[in-house]
Amino acid sequence: MTWTDLKRHIKYIDSRGNSSFEVAGIDLDSRHIKTDYVFIAVRGLKSDGHDFISKAIESGAKAIVCEQYPESFESEIEYIKVVDSSISVGLVASAFYDFPSTKLKLVGVTGTNGKTTTATMLYRLIESFGYKAGLLSTVRNYIHDKVLDASHTTPDAVRVNQLLADMVAAGCEYAFMEVSSHAMKQNRVQG
């Protein structure tokens, strides 16, 4: 997908530069940026993605989505200014992965206690009926019968959409996921 097509899915205040390229990937972690990626600078509790814009560009980012412009601009990079970049992550990720949540019967489980148990029981129940399903949980993730390590109760929006897209590609009809209140506050389930 081209950046021109992808950026249509976010509301932005302003843009500087003009970059049309085939997007190879998107991420909010500058350590994962490669050539032709979109870097989304998100303010976190421990660090601010805006501090890593130059590192992302050095690693190959061609577009930067941010809440605050950097002090200097690279001529071959497009900068998109948004009100809340954490919301933009989910919208861009969903579009980049071809809206996988719309292709699944998706159930999010939230609450103080029992998210892992409830989501896992639902996943196992649907699988026992012969349907292909996926699970995103604190303990582990499943794409039908393929087991993947889990790092968070609810991964960031890029990883959520990537995993949901993998479920769609594997023929899953259902997906169950834990959705922590922390993840909702950080917009990890946007899009």
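Everything below is about the structure shown above.
What this report covers is the structure whose coordinates are included nearby.

Each value, and the rule that gives it
Residue numbers run consecutively from 1 along every chain, following the written order of its sequence. With pLDDT at 70 or above as the cut-off, local features in this predicted model cover only qualifying residues; side-chain atom pairs require 80 or more to be listed or tallied, and sums for whole chains, interfaces and linings still use all residues. Think of the side-chain values as coming from all heavy atoms in the structure, minus any hydrogens and water. For two strands to count as paired, DSSP must find a minimum of two bridges between them. Secondary structure elements follow DSSP: runs of H or I of four or more residues count as helices, runs of E of two or more count as strands, with numbering from the N terminus. One fewer than the residue count of a helix, multiplied by 1.5 Å, yields its expected span. A 1.4 Å probe rolled over the protein chains alone gives each residue an accessible area, and that area as a share of the maximum for its type sets the label: buried under 20%, exposed over 50%, partly exposed in between. By the criterion applied in these results, polar contacts are pairs of N or O atoms within 3.5 Å in which, for protein atoms, one can donate a hydrogen and the other can accept it, and in which residues neighboring in sequence qualify only through two side-chain atoms. For every element, the axis is a line fit to its C-alpha atoms; helices are fit only across the contacting stretch, and the angle between N-to-C directions ranges from 0 to 180 degrees. Any pair of residues with heavy atoms lying within 4.5 Å of one another is described as a contacting pair. When a carboxyl oxygen of Asp or Glu is within 4 Å of a side-chain nitrogen of Lys or Arg, the pair counts as a salt bridge.

**What about the pairing of strand β8 (residues 140–143)?**
Consideration 1: Bridging between strand β7 (residues 133–136) and β8 involves two bridges; their strand directions are antiparallel. Directly across from Leu 135, in β8, lies its bridge partner Tyr 142.
Consideration 2: Linking two consecutive strands that pair antiparallel, namely β7 and β8, is a turn of three residues.

**Looking at helix α5 (residues 157–169)**
Each full turn of the α-helix corresponds to 3.6 residues, which orients residues three or four apart in the same direction.
Consideration 1: Relative to the 18 Å expected for 13 residues at 1.5 Å per residue, α5 spans 18 Å between its end C-alpha atoms, a close match to the ideal helical length.
Consideration 2: Of the residues making up α5, those classed as buried are Ala 157, Val 158, Val 160, Asn 161, Leu 163, Leu 164, Ala 165 and Met 167.
Consideration 3: At the N-terminal end of α5, a side-chain oxygen is found 2.9 Å from the backbone nitrogen of Val 158, two or three residues along, and the residue is Asp 156.
Consideration 4: One or two residues past the end of α5 sits Gly 171, with phi positive at roughly 90°.

**Structural notes on the sheet that holds strand β3 (residues 37–40)**
Consideration 1: Taking strand neighbours across the sheet as the criterion, the five strands line up as β1-β5-β4-β3-β2 in an open arrangement whose pairing is mixed. Bordering the open sheet on either side are β1 (14–16) and β2 (25–27), each of which pairs with just one other strand. The mean angle between the axes of side-by-side strands here comes to 15°, regardless of whether they run parallel or antiparallel.
Consideration 2: Across three bridges, β1 lies against strand β5 (residues 78–81) in antiparallel orientation. Bridge pairing in β5 places Arg 16 opposite Tyr 79.

**Some points on the sheet that holds β7**
Consideration 1: Ordered in space as β6-β10-β7-β8-β9, the five strands form an open sheet in which the pairing is mixed. Strand pairing shows two members of the sheet lacking a second neighbour, β6 (105–109) and β9 (146–149), which therefore form its edges. Looking at each pair of strands side by side, their axes are set apart by 20° on average, direction ignored.
Consideration 2: Bridging between β7 and strand β10 (residues 174–178) involves four bridges; their strand directions are parallel. What sits directly across from Ala 133, in β10, is Tyr 174.
Consideration 3: In the packing of helix α4 (residues 115–128) onto the sheet, the strands contacted are β6, β7, β8 and β10, and the crossing angle to β10 comes to about 170°.
Consideration 4: Contacts between α5 and the sheet are confined to β6, β7, β8, β9 and β10, with β7 contributing the most and set at about 160° to the helix.

**A few points about the pattern of salt bridges**
Consideration 1: Taken as a whole and assessed by the stated rule, the structure comprises eight salt bridges.
Consideration 2: Notably, a salt bridge pairs Asp 5 with Arg 8, separated by 3.1 Å at the nearest N-O pair.
Consideration 3: On the basis of relative accessibility, which here comes to 34%, the residue Asp 5 falls in the partly exposed class.
Consideration 4: Its salt-bridge partner being Arg 16, residue Asp 14 comes within 3.8 Å of it at the nearest N-O pair.
Consideration 5: Of the residues examined, Asp 14 reaches a relative accessible area of 30% and is grouped as partly exposed.
Consideration 6: Because the salt bridges share partners, they merge into one network encompassing Arg 43, Asp 48 and Glu 67.

**Remarks on helix α3 (residues 85–96)**
Consideration 1: Given a rise of 1.5 Å per residue, 12 residues ought to cover 16 Å, and the 16 Å separating the end C-alpha atoms of α3 matches this to within 8%.
Consideration 2: Counting buried residues in α3 gives 10 out of 12 residues, a clear majority hidden from the surface.
Consideration 3: Looking only at α3, the buried set comprises Ser 85, Ser 86, Ser 88, Val 89, Gly 90, Val 92, Ala 93, Ser 94, Ala 95 and Phe 96.
Consideration 4: At its buried positions, α3 is contacted by α1 (3–6), β2, β3, β4 (61–66) and α5.
Consideration 5: Among the residues trailing α3, Asp 98 stands out with phi positive, at a value near 65°.

Everything listed here is a matter of geometry and, on its own, says nothing about what the molecule does.
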